[in-house]
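What follows is the residue order along each chain.
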Amino acid sequence: MSKVLVSDPIDQAGIDILSQVATVDVKTNLKPAELIEIIGEYDALMIRSGTRVTQEIIEASTQLKIIGRAGVGVDNVDVPAATRKGIVVVNSPEGNTIAAAEHALAMMLSLSRHIPDANASVKRGEWDRKTFVGAEVYKKTLGIVGLGKIGSHVAHVAKAMGMKLLAYDPFISTERAEQIGCQLVELDLLFQQADYITLHIPKTPETANLINAKTLAKMKPTTRIINCARGGIIDEAALAAAIKEGKIAGAALDVFDSEPLAESELRSLGKDIILTPHLGASTAEAQVNVAIDVAEQIRDVLLGLPARSAVNIPGLGPDILEELKPYMQLAETLGNLVGQLAGGRVETLNVKLQGDLATNKSQPLVVAALKGLLYQALRERVNYVNASIEAKERGIRVIETRDASARDYAGSLHLEATGTLGTHSVTGALLGDKEIHLTDVDGFPINVPPSKYMLFTLHRDMPGIIGKLGSLLGSFNVNIASMQVGRKIVRGDAVMALSIDDPLPDGILDEIKQVSGIRDAYTVTL
Ligand SMILES: NC(=O)c1ccc[n+]([C@@H]2O[C@H](COP(=O)([O-])OP(=O)(O)OC[C@H]3O[C@@H](n4cnc5c(N)ncnc54)[C@H](O)[C@@H]3O)[C@@H](O)[C@H]2O)c1
Ligand SMILES: O=C(O)[C@H](O)COP(=O)(O)O
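Small disclaimer: the values here were computed from a predicted structure and weren't measured. (Residues numbered from 1 in each chain as written. Chains lettered and ligands numbered in written order. Predicted model: local features only at pLDDT ≥ 70, side-chain atom pairs only at ≥ 80, totals over all residues. Heavy atoms only, no water.)

Lining the immediate environment of ligand 1, one finds 25 residues, of which K149, I150, D169, I201 and D254 sit closest. Between I150 and ligand 1, the recorded distance is 2.9 Å, taken from a backbone N or O atom to an oxygen atom. In isolation ligand 1 offers 860 Å² of accessible surface; the protein chains occlude 86% of this area. Taken together, the residues of the shell around ligand 1 sort by class into 13 nonpolar, 8 polar and 4 charged. (Near = heavy atom within 4 Å. Polar contact = N/O pair within 3.5 Å; in protein donor to acceptor, adjacent residues only side chain to side chain. Areas by Shrake-Rupley, 256 points an atom, 1.4 Å probe, with all protein chains shown as cover. Nonpolar A, V, L, I, M, F, W, Y, C, P; charged D, E, K, R; others polar.)

Structure representation (structure tokens):
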């Protein structure tokens, strides 16, 4: 039975799902050295933001197949290191969207009305109504940095509270922003005009220290900043100085450069700052959502099925996966087949996506073809996660072309592999949307479903050759399940594709190549 380590607190709903297929150990607050010591025992690791999955931890793993982040941000996982090792990293992109958006909105209102400090003062026995005079958000300008899932929900609610919305997000269109009720503006303008600035962006090299002394200087003395996205997007020392000097009015922070927050100037800023301990996703509802979402993906991967929200499989979102699933199998089978026909070291793989497959969404098919191509060399070590990297490291050049006008089938895939032993090609399509068929081998039209054991010959189309091959195989007790010849002209060159019930015994391939008229022969195991 597989083993899963859960190293941060997650909802029982997730544990229940994992327990269907694995032994689950919940061990929280592990030190890095402790995690390194035990990670070798586990097939899957489930975390939240508390566990840092470093390169050392990934390298210490020996059978880890999947790291599941019960939340959005995977910045605590060394994703490139996991990718190199073929470990799929999944998250829950939407499970805590509402929770995080509501926390940002709660922070904005709490900061405006000094609720935390007013509450603390009443609880101390005071009745101070002067110190806590606040500001309204109605008709104020909210600047949203990052108009993704959380930013959009914040916009929706803020709009209903009568706020004017500005947004900065270089990756979304003006039309989309307008649909959400936001005016898309440059960042400088947002900094200059916003009364409230709320951050909903990932931490990347571009967004690190986005709020710094220079950008703070552009804001109004009445501006309040809310960060429920990621620590490190704000230069905390510069923020504390700006609040102290009255350059801005205040801030509400849920996330910090280093967590838990250690000694910090931020703690000394009284009612102008609110600090929460990374609580954005901490609602009962969100925790159930993310635990189920991620546990289901871990369960699927442990059962050999694909994950719906893998962050390190390019272009493979849940909807695309659903649409492409049968074609992924086609691409993988063709990659495996053409790799075996080419033999030797493959230097170039041409992938031609034809008909309906010639869309931008079909990039995962290239990855699947590479996975198939590398299967003979790497066996189970190659997967959708590391296939591209493995191909690159082996110097395999991948050329991708698209031909929407090819209409023999609704969608077909053509692979051509050139290597040290020559060039071979295969084309395949799905019949009835499900059944894989080989429709062309080395330029010769055929129509056969692939089978586990196959034999291909390149021969001269002449009388008697099929009989000779049949007798030879029979003399070695090889049973032929099906056979088809593909030719372009009568008595010219032809290809024969045979499905056989068992692997070809040693030595027989050389004898087949001696049969008069047979130019070459290839045995393939799929
Ligand atoms: N505090 C919490 O507990 C908590 C909970 C959930 C999510 N988060 C964090 O909130 C953030 C947003 O999450 P989401 O689910 O909305 O993500 P998302 O991917 O849906 O949205 C992020 C948006 O940021 C935009 N963006 C990327 N780089 C940008 C840049 N340089 N400038 C401006 N915009 C940029 C993207 O185009 C995208 O629209 C993430 O950092 C996530 O980790 C925090
Ligand atoms: O990225 C996220 O999903 C949030 O930061 C939540 O983190 P948490 O799961 O540790 O609460």
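Moving on, we get to the domain arrangement of the protein chain. Often, the extent of an interface is quoted as the loss of accessible area on bringing the components together. On domain assignment, one finds that the protein chain holds domain 1 (3–95 + 285–303), domain 2 (96–275), domain 3 (317–450) and domain 4 (451–525). On a C-alpha basis, the centroid separation for the pair domain 1 and domain 2 is 31 Å. Contact residues are listed per partner, giving 10 residues for domain 1 and 5 residues for domain 2. Here domain 1 packs against domain 2, burying approximately 610 Å² in sum over the two surfaces, 45% of which is carbon and sulfur. Taken together, the connections running from domain 1 to domain 2 amount to 1 salt bridge. In this structure, D75 and R230 form a salt bridge, with 2.7 Å as the shortest nitrogen-oxygen distance. Inspection of the region where domain 1 meets domain 2 yields 3 residue pairs in polar contact (both at pLDDT 80 or more). (Domains from an automatic or database assignment. Contact = heavy atoms within 4.5 Å. Buried area = accessible area lost by both parts, 1.4 Å probe. Salt bridge = Lys/Arg side-chain N within 4 Å of Asp/Glu carboxyl O.)

The buried count for strand β21 (residues 493–500) comes to 7 of 8 residues, which makes it a mostly enclosed element. For strand β19 (residues 453–460) and β21, the ladder comprises 8 bridges, and the chain directions are antiparallel. Note on β21: the bridge partner recorded for T457 is M496. In terms of strand pairing, strand β20 (residues 480–487) meets β21 through 7 bridges, oriented antiparallel. Residue pairing across strands places I480 opposite I500, the latter belonging to β21. Linkage of β20 to β21, two consecutive antiparallel strands, is achieved through a turn of 5 residues, within which R491 is found at a positive phi near 65°. (Buried < 20%, exposed > 50% of the residue type's maximum accessible area, 1.4 Å probe, protein only. Helix = DSSP H or I, 4+ residues; strand = E, 2+ residues; numbered from the N terminus. Pairing = 2+ DSSP bridges.)

What surrounds ligand 2 is the set R48, S49, R69, A70, G71, V72, G73, N96, R230, H278 and A281. Contacts to ligand 2 include R48, whose side-chain N or O atom sits 2.8 Å from an oxygen atom. At 2.6 Å, a side-chain N or O of R230 approaches an oxygen atom of ligand 2. In isolation ligand 2 exposes 310 Å². Once the protein is present, 91% of that is buried. Tallied by class, the residues present in the shell around ligand 2 amount to 3 nonpolar, 5 polar and 3 charged.

This part covers the packing of aromatic side chains. Taken as a whole, this structure holds 0 aromatic pairs when the rule is applied. Note that K371 overlies the ring of Y384, its terminal NZ or CZ placed 4.9 Å from the centroid. (Phe/Tyr/Trp six-rings, centres within 6.5 Å; stacked < 30°, edge-to-face > 60°. Lys NZ or Arg CZ within 6 Å of the ring centre and 35° of its normal.)

So, on to the pattern of salt bridges. Across all of its chains, the model carries 19 salt bridges by this definition. Between E41 and K3 there is a salt bridge; the shortest N-O distance is 2.9 Å. Of this pair, E41 sits in the loop between α2 (32–38) and β3 (44–47) while K3 sits in strand β1 (residues 2–6), and the two are 38 residues apart along the sequence. Judged by relative accessible area, which is 23%, K3 ranks as partly exposed. A salt bridge links D293 to R308; its shortest N-O distance comes to 3.0 Å. Placement of the pair is D293 in helix α12 (residues 284–302) and R308 in the loop between α12 and α13 (318–342), with a sequence separation of 15 residues. Judged by its relative accessible area of 15%, D293 falls in the buried class. On the accessibility criterion, R308 (28% relative accessible area) is partly exposed. Through salt bridges that share partners, K3, D25 and E41 make up one connected network.

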